[in-house]
Amino acid sequence: MATEGGGKEMNEIKTQFTTREGLYKLLPHSEYSRPNRVPFNSQGSNPVRVSFVNLNDQSGNGDRLCFNVGRELYFYIYKGVRKAADLSKPIDKRIYKGTQPTCHDFNHLTATAESVSLLVGFSAGQVQLIDPIKKETSKLFNEENSCQHLWKVDWNEERENEGSKTSEEALVTVQRLIDKSRVTCVKWVPGSESLFLVAHSSGNMYLYNVEHACGTTAPHYQLLKQGESFAVHTCKSKSTRNPLLKWTVGEGALNEFAFSPDGKFLACVSQDGFLRVFNFDSVELHGTMKSYFGGLLCVCWSPDGKYVVTGGEDDLVTVWSFGDCRVIARGHGHKSWVSVVAFDPYTTSVEESDPMELSGSDEDFQDLLHFGRDRANSTQSRLSKRNSTESRPVSVTYRFGSVGQDTQLCLWDLTEDILFPHQPLSRARTHTNVMNATSPPAGSTGNSVTTPGNSAPPPLPRSNSLPHSAVSSTGSKGSIADGAIASGVSKFATLSLHDRKDRHHEKDHKRNHSMGHISSKSSDKLNLVTKTKTDPAKTLGTPLCPRMEDVPLLEPLICKKIAHERLTVLIFLEDCIVTACQEGFICTWGRPGKVGSPVSR
C-alpha cells in the first residue's frame, strides 16, 4: 500500500491525501466488512451499499451501520474514528436465498435505541421492512403474499467460526404483482413515519404506505397527471391499498432519486440520460437536464437545495442550478462511469463583506443539516435578513465528492466564480459551515434564453476557480419555477431564489398521502420545460445539454485511486469520510485533526 507521494506506480492504492484542510488518513482498524474479512467475489453481484442511522441513545455511541454484500446483509455498531471495528459481533446478519439486497434506507424519524425501521430493496423486485434491533421482519411488499411475514429458514442459526447469530431467509418465488424488475433505489419520504418511495429498473417508481394493505391481485391504475416523458397514476381500488402512486419516468431504468433537503422536490436520474426534478407533492415537473452522453447513474442535492449534481456514463460530474434550471458546470476527472456523487456539508465556506451581519453559530447549521425541514423555520428570519440586505455574501465554496468504476475518489470545489460569473470579488471575511447563507444564483430573475448559436463565448479554461464572465445564460426558467413552487415550497430551500413577499403568509404543509390536492389535468407549463426529444443529436448544444466549451469545466482538487474494485459508496460524516468498494470493504477516512491516539476496541 502506497501513501500519497510515496508510490512509484500510478495504480498503487492511496491511504492518505491532502487538501487545503489538511491530511485525510485511511483508518485500517475502522474497516468494516464480512466477519471473515475475505474479499467478496463481486462478479455479477449488485453494488455494495451503506446506510447510517443514529439512535440517539444515552451511551453516546448511537451510530449504526448497515451494508449489503452479495446475498448478505449486515447491521453493526459503527465506532467511526474512535474505536476499532469489531466484526465478530454484528447486531444482525441475514442471508437471503433466491434474491440479493440492492439498496436500503433507515427511517431516521422513528429510530430509537430499542427499535429501528429499515427498508431493503431486492434484485427480484421485492421490498422488505425489517427491524434489525428486534431481529424482526414486519412486512414484504410487491409479492403475491405481500404484507406477510417471510418464510424463515434456520432463524437465529448459530454460524460456525463466526460466533454470531444469523437470520437466513428465503423470499418465496411467486409472481410479483406490482413490478418484476430490480429495485434500484428505496427511501423513506422525508418527514413521514410511514410513506416510502421505491424505484425500479423498469423506469417506474411507486409510493407505499407501510400501514396499508398490498392487495392480493394486480393493481389497476388511472391517470393522475401526464407531462413530457413522465406520467403519474393512482391505484384504482375501492379501499386504499398499495401502491398509492405509480410514476413512469423517462425511458429505461430509473437509476436513482434524491429528495431535496426540505423534502419538497424530487430529483430523478435515468438510463435515458435525463435528470428530471419534480415538485413531489403537486407532481409538477420543475426542470430537466441531459447528460453529455449515456445514462445518468447518481444524483445529490447541495445542503441548501440550490444545486443538483449528477454523475454517469459520460465520466463527468454535472452541476445543475435549481433556480435557473440550467447546467452551470461540468467536472472531468474520472476515467470511467461515475457511480456516486455527494456533497460535503462539513467542508464549505462563505465570505461576507460585512461580518457583523452574520448571526447564528456553526452548531445551528449542523442542527439544520441533521434535522432538515423540522429545523428550517429556526433559521428563517436569519435567511430573510441576509438575503434582503445589501451586505450579501460575495463568495461561497461548495465541496462535493464523487467515486466511480475507475476506483478513484475525486473531491471538487464549486466556487463563487463559477456560481456567480458576473459578480466581482471583494475583500471579505471567511466563515465556515454557513452554507445556508449563500446569495441567489446569478440570473435567477432573468427570463431570456441564449443558445450557443446566438452567442459564441470563447473556450473556457480547465480550472477550479478562474473567472468565466463569458458563460452564456442558457435559459432561466423563472416562470416555470414559480409555477412549480407555488404549491408550497420550503422557505429554507428557495428563500433566496424567489421573491417571498407574496408568500410569507403560506403555512408549511404537512406530509400526507391524500392526492386530492393534485390537479388531474396536465399543466400547460410542463410543455415549456423542453420541446426536444431524447435524441442526443437534437439536445446537444441546447440548454438541456450545453456543449463542453459552453460551460465551465471543473478539475478535481484531488483524484486518488483508493480501492482495487469499483467504488460504490461515498458518505460524508462530521469526523470522517466513508467509502466502500465492490469487494465489500467499508473504509473510514479520518478528517484532518479528527484522528488522535491510536484507536482501541
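Note that the coordinates shown come from a computational prediction; the quantities given were computed from them, not determined experimentally. (Residues numbered from 1 in each chain as written. Predicted model: local features only at pLDDT ≥ 70, side-chain atom pairs only at ≥ 80, totals over all residues. Heavy atoms only, no water.)

## Details of the overall build of the protein
- For the protein, the helix and strand inventory stands at eight helices and 36 strands.
- Counting across all 601 residues of the protein, residues that qualify as buried make up 58%.
- By sequence separation, contacts in the protein at least 24 residues apart represent 62% of the contacts at least 6 residues apart.
- Total accessible area computed for the protein in this model is approximately 24,400 Å², and 48% of it derives from carbon and sulfur atoms. (Helix = DSSP H or I, 4+ residues; strand = E, 2+ residues; numbered from the N terminus. Buried < 20%, exposed > 50% of the residue type's maximum accessible area, 1.4 Å probe, protein only. Contact = heavy atoms within 4.5 Å. Areas by Shrake-Rupley, 256 points an atom, 1.4 Å probe, with all protein chains shown as cover.)

## Some points on the sheet that holds strand β2 (residues 22-26)
- On the basis of which strands lie adjacent, the open sheet formed by five strands has the order β1-β2-β36-β35-β34 and antiparallel pairing. With one partner strand each, in any of the chains shown, β1 (16-19) and β34 (567-572) form the two edges of the open sheet. Between one strand axis and the next, the sheet turns by 20 degrees as a mean value, whatever way the strands run.
- As paired elements, strand β35 (residues 576-581) and strand β36 (residues 586-590) share five bridges and run antiparallel to each other. When the sheet's bridge partners are listed, Cys 576 is paired in β36 with Gly 590. (Pairing = 2+ DSSP bridges. Axes fitted to C-alpha atoms, helices over the stretch in contact; angles between N-to-C directions.)

## Quick look at the UniProt feature "repeat: WD" (unreviewed entry) in the protein
- UniProt's entry tags residues 289-321 with the feature "repeat: WD" (unreviewed entry), counted in the numbering of this structure.
- Between the end C-alpha atoms of residues 289-321 the distance is 10 Å, and the span holds 0% helix and 61% strand. (UniProt positions renumbered as here; feature names shortened; annotations may be inferred.)

## A few points about the sheet that holds strand β26 (residues 326-332)
- Pairing within the open sheet is mixed, and its five strands lie in the order β23-β24-β25-β26-β32. Of all the strands in the sheet, just β23 (296-301) and β32 (553-554) have a single pairing partner and so form its edges.
- Across five bridges, strand β24 (residues 307-312) lies against strand β25 (residues 316-321) in antiparallel orientation. Bridge pairing in β25 links Gly 311 to Val 317.

## Concerning the environment of Thr 542
- Following the sequence through the fold, Thr 542 ends up in the loop between α8 (536-539) and β32.
- In sequence terms Thr 542 and Lys 290 are 252 residues apart; their C-alpha atoms lie 9.6 Å from each other.
- A distance of 2.5 Å separates a polar atom in the side chain of Thr 542 from the backbone oxygen of Thr 539. (Polar contact = N/O pair within 3.5 Å; in protein donor to acceptor, adjacent residues only side chain to side chain.)

## Quick word on the confidence of the model for the protein
- Looking at the protein, pLDDT values average 75 and 65% of them are 70 or higher.
- Note on residues 146-165: pLDDT under 50 across the span, and 55 contacts to partners over four residues away in sequence or across chains.
- Overall, residues 520-533 carries pLDDT values under 50, and its contacts beyond four positions in sequence, including any with other chains, amount to 33 contacts. (pLDDT = per-residue confidence, 0-100.)

## A few points about the pattern of salt bridges
- One pass over the full model with this rule turns up 10 salt bridges.
- In this structure, Arg 34 and Glu 72 form a salt bridge, with 3.4 Å as the shortest nitrogen-oxygen distance. On the criterion of sequence distance, the pair formed by Arg 34 in the loop between β2 and β3 (50-54) and Glu 72 in strand β5 (residues 72-77) is long-range, its members being 38 residues apart. Both residues of the pair, Arg 34 and Glu 72, count as buried.
- We note a salt bridge from Asp 324 to Arg 326, for which the minimum N-O separation is 3.4 Å.
- Assessed through its relative accessible area of 2%, Asp 324 is described here as buried.
- A network of salt bridges, in which partner residues are shared, links Arg 20, Glu 21, Arg 399 and Asp 413. (Salt bridge = Lys/Arg side-chain N within 4 Å of Asp/Glu carboxyl O.)

## Comments concerning the packing of aromatic side chains
- Enumeration according to the criterion identifies 25 aromatic pairs in this entry.
- Between Tyr 307 and Tyr 398 the ring centres are 5.3 Å apart and the planes differ by 75 degrees, which places this aromatic pair in the edge-to-face class. Here Tyr 398 lies in strand β29 (residues 393-404) and Tyr 307 lies in strand β24, a separation of 91 residues in the sequence.
- Given a relative accessible area of 1%, Tyr 398 falls into the buried group. (Phe/Tyr/Trp six-rings, centres within 6.5 Å; stacked < 30°, edge-to-face > 60°.)

## Looking at the environment of Val 69
- For Val 69, the position within the fold is in strand β4 (residues 63-69).
- On the basis of relative accessible area, Val 69 is assigned to the buried category, the value being 0%.
- Spatially, the C-alpha atom of Val 69 lies 8.0 Å from that of Glu 583, the residues being 514 residues apart in sequence.

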